[in-house]
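The residues making up each chain are set out below.
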Amino acid sequence: MNIQTDLSLDLVVDAPQLVTLPVAESDARFPVHRIYCVGRNYAAHAVEMGHDPEKEPPFFFQKAPDTILQPGENFPYPAQSENVHYEMEHVIAIGKGGSDIAVADALDHVYGYGVGLDMTRRDLQGVAKKMGRPWEVGKSFEHSAPMSAIHPVAKIGHPAEGAVTLKVNGALKQDGDLNQLIWKSEEVISYLSGLFTLQPGDLIMTGTPAGVGAVVRGDVMEGAVAGIDAIAVTVV
Ligand code: MN
């Protein structure tokens, strides 16, 4: 049952807010269901994190939908961390759900694309990794998913190459390209749909290129994926 649309229910606490993102050049909004994130999807980033860059099956974690930071908003430095990292990423917005989606059909399930930051409490993630614990405390904290607007496939097609860049205070820190993705968009969608039933409104953050690093209050992060969009986020 969808409690967002059934206003006759006698709810004992306030209902969760529907999370949405703007659709570019439109007054329409994209409703967000889940946020899936791919780990280690660029070889150079896998190496910098101390892992083998060989193509192993993709792995996933999730951020809660309400961790999204809207375009133009500032990023509040989170609690309980002294090592908060940026990870600039290409984002797939699912328009049509499904399970066990074939690679050849996968792009038909895409509504559009955006760009986003997978902000990470690296110190807490490191402790979790070391102890074999889940990653939520490192990955799914408040405001940890700054996002751009969503750009419909009808406008921009399916970008398969284009620079993925992140500057901090004007200095270039990350400089990858979509064509360096180990698992391409259609492969990620296909693989993920074998593990979860994809739904309209799902977002998939496809991983980050090398060059991740820490930010402090006052820093300005400018991220872009050429052919899709750019975001500028100030750490406060
Ligand atoms: Mn990431």
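Our subject is the structure that appears above.
As a starting point, this report considers the structure included with it. (Residues numbered from 1 in each chain as written. Predicted model: local features only at pLDDT ≥ 70, side-chain atom pairs only at ≥ 80, totals over all residues. Heavy atoms only, no water.)

**Regarding the environment of Val 235**
Relative to the assigned elements, Val 235 resides in the segment after strand 17 (229–234). We classify Val 235 as buried; its relative accessible area is 1%. Between the C-alpha atom of Val 235 and that of Leu 21, which follows or precedes it by 214 residues, the distance is 20 Å. Ignoring anything within four residues of it in the chain, the contact list for Val 235 reads Phe 75, Tyr 77, Val 215, Val 216, Arg 217, Gly 218, Asp 219 and Met 221. (Helix = DSSP H or I, 4+ residues; strand = E, 2+ residues; numbered from the N terminus. Buried < 20%, exposed > 50% of the residue type's maximum accessible area, 1.4 Å probe, protein only. Contact = heavy atoms within 4.5 Å.)

**Focus: the pairing of strand 13 (residues 171–177)**
Of the pairings in the sheet, the one linking strand 12 (residues 163–168) to strand 13 comprises six bridges and is antiparallel in character. Along strand 13, the bridge assignment pairs Lys 167 with Leu 172. As consecutive antiparallel partners, strand 12 and strand 13 are separated by two residues, and within that stretch Asn 169 has a phi angle of approximately 50 degrees, a positive value. (Pairing = 2+ DSSP bridges.)

**A few points about the sheet that holds strand 12**
Taken together, four strands build an open sheet; the order of strands is 13-12-16-17 and the sheet is antiparallel. Whereas interior strands pair on both sides, the edge strands pair on one side only; in this sheet they are strand 13 and strand 17. Going from strand to strand, the sheet's axes swing by 10 degrees on average, the running direction of each strand aside. Pairing geometry for strand 16 (residues 220–225) and strand 17, over six bridges, is antiparallel. Bridge pairing in strand 17 links Gly 223 to Ile 231. (Axes fitted to C-alpha atoms, helices over the stretch in contact; angles between N-to-C directions.)

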